[in-house]
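# Descriptive analysis of the structure
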Amino acid sequence: MKDNSSIQNRLSWWESEYLVDGVDYTIIGAGIVGISTAIELKSIQPELKVLVLDKKTAPMGASTKNAGFACFGSISEIWDDFNNYGESTCRKLIEMRWKGLTKLKSRIPLTRMYYSPKPGSEIFDNEEDMSFYQGKIAWSNALTADILEHDECYHLQSGAFGEEIINKLEGSLNPQKMMNELEAKARNLGVIFMFGIEIQDIQYQNKVLESSTGNIGYDKLIVCTNGFSNSTLPQSKVRPARNQVLITNKMPGFELKHCYHMNKGYVYFRSYNERLLIGGGRDLDLEGETTVELGTTELITSYLKEIVKRTILKDREFRIAHTWSGILGVGDSKMPIVKFINPDVLVAIRMGGMGVAIGSYIGEVAASMVLSIDNTAHQLYVS
């Protein structure tokens with residue numbers, strides 16, 4: 001009997017044969033983790049048929065709505081992670097982010113994603129904090145030296161905002177260009193994309209995805225929905241976290257030579273094409289920013305504009321040209337969740353606000369797990 005709920009009922013023979021028939025791996029989520037996983041699968045086994053589904057008409061999640069920082073941890077973030085999770089987990093987080101950035105930079109020509117190796121500078125509102133974290137520079141270098149293969153990544157330097165603690169191995173990029181290049185690479189490898197498909201439920205027993213467009217069967221499934229995971233994975237314990245970003249009008253001659261971090265990474269700013277870009281501030285209203293609704297709020301935009309006036313531009317005239325927000329995936333731990341929740345379903349979620357850095361590496365992990373680990377073991381990589 002014909003299944004009228006199936007997506008095939010809305011497709012031509014040609015579309016059905018190309019898009020959904022005989023798919024080996026179906027991936028939900030066309031962000032950096034989903035596309036990186038698809039690239040890894042096709043790179044390892046080119047004969048596989050890999051389908052990536054996304055609810056948007058193009059990749060437009062946090063992967064293209066972030067501020068374009070290629071960072072892996074300012075000194076206060078690292079110290080905070082060390083205190084919250086211990087040395088082993090802290091080092092593992094740094095290692096995964098660094099491996100992810102290294103893989104991303106090897107996968108995409110740097111000029112194609114407008115990558116610039118700008119140092120990261122952390123600045124502090126008071127001398128007490130500066131003195132405290134200055135005392136952690138040697139500790140941070142010792143903690144990260146073997147991971148980064150660099151003995152003195154962090155150092156103190158006088159800069160545009162006084163004394164700054166520098167991370168010399170950071171950089172910036174254009175996230176839209178990055179995602180364009182990743183999608184193009186995946187398509188060149190034969191990965192198939194279907195956009196505008198919003199998954200509403202996963203029927204594990206029948207191996208069916210209920211979508212807004214019709215039901216889609218799957219053989220092996222990989223869920224890479226990060227901050228939007230609760231809609232299909234209510235048991236995931238991933239919380240959405242909205243991050244707001246502002247960019248100013250063009251100010252001729254304006255340039256910052258570094259990428260800047262404040263308040264344990266909750267605030268960040270840099271220049272882009274003679275404009276100032278600043279984002280963050282969700283720590284002002286963590287409960288209110290636990291949402292999947294895009295948009296900005298007066299509380300946080302006013303706070304960010306005050307930082308611009310007080311600390312960055314001071315007396316210089318400016319106006320905000322554009323505002324936007326993206327949805328991160330966070331939780332009680334910053335460690336990503338990469339595990340089987342079913343013999344045929346793997347989840348790769350909870351990037352902890354570091355998707356640009358960690359996403360390429362998590363894609364490698366996810367692909368390795370589904371191709372080489374006994375699925376019935378439900379083995380867990382990190383959580």
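These remarks concern the structure in this document. Bear in mind the structure is a predicted one, so any value in this text is a computation, not a measurement. (Residues numbered from 1 in each chain as written. Predicted model: local features only at pLDDT ≥ 70, side-chain atom pairs only at ≥ 80, totals over all residues. Heavy atoms only, no water.)

Another aspect to go through is the layout of surface pockets. Considered as a void within the structure, the second largest pocket measures approximately 220 Å³ in volume. Going through the elements one at a time, α6 (127-134) and α9 (298-312) are the ones with two or more residues in the lining of the second largest pocket. Grouping the amino acids of the lining of the second largest pocket by side-chain chemistry returns 7 nonpolar, 3 polar and 5 charged. (1 Å grid on protein atoms, 1.4 Å probe; cavity = no way out; pocket = protein on both sides within 12 Å on 5 of 7 lines; lining within 4 Å. Points joined across faces, edges and corners; volume = space filled by probe spheres on them. Helix = DSSP H or I, 4+ residues; strand = E, 2+ residues; numbered from the N terminus. Nonpolar A, V, L, I, M, F, W, Y, C, P; charged D, E, K, R; others polar.)

Across the chain, the bulk of peptide bonds are trans and the bulk of non-glycine residues have phi less than zero. Non-glycine residue Lys-264 carries a positive phi angle of around 55°. As for its position among the elements, Lys-264 is in the loop between β14 (259-262) and β15 (267-272). Here the phi dihedral of Asn-273 falls at roughly 50°; this positive angle occurs in a residue that is not glycine. For Asn-273, the position within the fold is in the loop between β15 and β16 (275-280).

In contact at an axis separation of 10 Å, helix α5 (residues 87-107) and helix α7 (residues 137-148) are set at 40° when each is read in the N-to-C sense. In terms of axis orientation, α5 runs oblique to α7. Crossing handedness for the pair α5 and α7: right-handed. Seen from α5, the contacting residues are Glu-87, Cys-90, Arg-91, Ile-94, Glu-95 and Trp-98; seen from α7, they are Leu-143, Thr-144, Asp-146, Ile-147 and Leu-148. (Axes fitted to C-alpha atoms, helices over the stretch in contact; angles between N-to-C directions. Parallel < 35°, antiparallel > 145°, perpendicular 65-115°, else oblique. Left-handed = near helix turned anticlockwise from the far one by under 90°. Contact = heavy atoms within 4.5 Å.)

For Thr-37, the position within the fold is in helix α2 (residues 32-44). Not counting chain neighbours up to four residues away, the residues in contact with Thr-37 comprise Ile-27, Ile-222, Cys-224, Gly-363, Ala-366 and Ala-367.

This paragraph deals with the sheet that holds strand β4 (residues 120-122). In spatial order, the strands read β5-β6-β4-β14-β15-β16-β13-β17; together these 8 strands make up an open sheet with mixed pairing. Two strands lie at the open edges of the sheet, namely β5 (154-159) and β17 (320-330), each paired on one side alone. The average angle at which neighbouring strand axes cross in this sheet is 25°, direction not considered. Relative to strand β6 (residues 162-167), β4 runs antiparallel, the two being bridged by 3 bridges. By the bridge assignment for β6, Gly-120 is matched with Asn-167. Against the sheet, α9 engages β13 (239-248), β14, β15, β16 and β17, with an angle of about 130° to β16. (Pairing = 2+ DSSP bridges.)

A word on the pairing of β6. Bridge count between β5 and β6: 6 bridges; the pairing is antiparallel. Looking at β6, one finds that Leu-156 is bridged to Ile-165. Where β5 folds back on β6, the antiparallel hairpin that results is connected by 2 residues.

Another point: the environment of Val-347. Note on placement: Val-347 falls in strand β19 (residues 345-349). Sequence separation between Val-347 and His-258 is 89 residues; the distance between their C-alpha atoms is 36 Å. Residues in contact with Val-347, not counting those within four places in the same chain, are Val-223, Leu-233, Ile-337, Val-338, Lys-339 and Ile-341.

One pass over the structure, following the stated rule, counts 16 salt bridges. For Glu-364, the salt bridge goes to Lys-103, with nearest N and O atoms at 3.8 Å. Of the two residues, Glu-364 sits in helix α10 (residues 355-372) while Lys-103 sits in helix α5, which places them 261 residues apart along the sequence. Judged by relative accessible area, Glu-364 falls into the partly exposed class, the value being 32%. Asp-344 is the salt-bridge partner of Lys-220, the closest N and O atoms lying 2.6 Å from each other. One end of the pair, Lys-220, is in strand β12 (residues 220-223); the other, Asp-344, is in the loop between β18 (337-342) and β19, with 124 residues separating them in the sequence. Connected through shared salt-bridge partners, Glu-40, Lys-103, Arg-107 and Glu-364 make up one network. (Salt bridge = Lys/Arg side-chain N within 4 Å of Asp/Glu carboxyl O. Buried < 20%, exposed > 50% of the residue type's maximum accessible area, 1.4 Å probe, protein only.)

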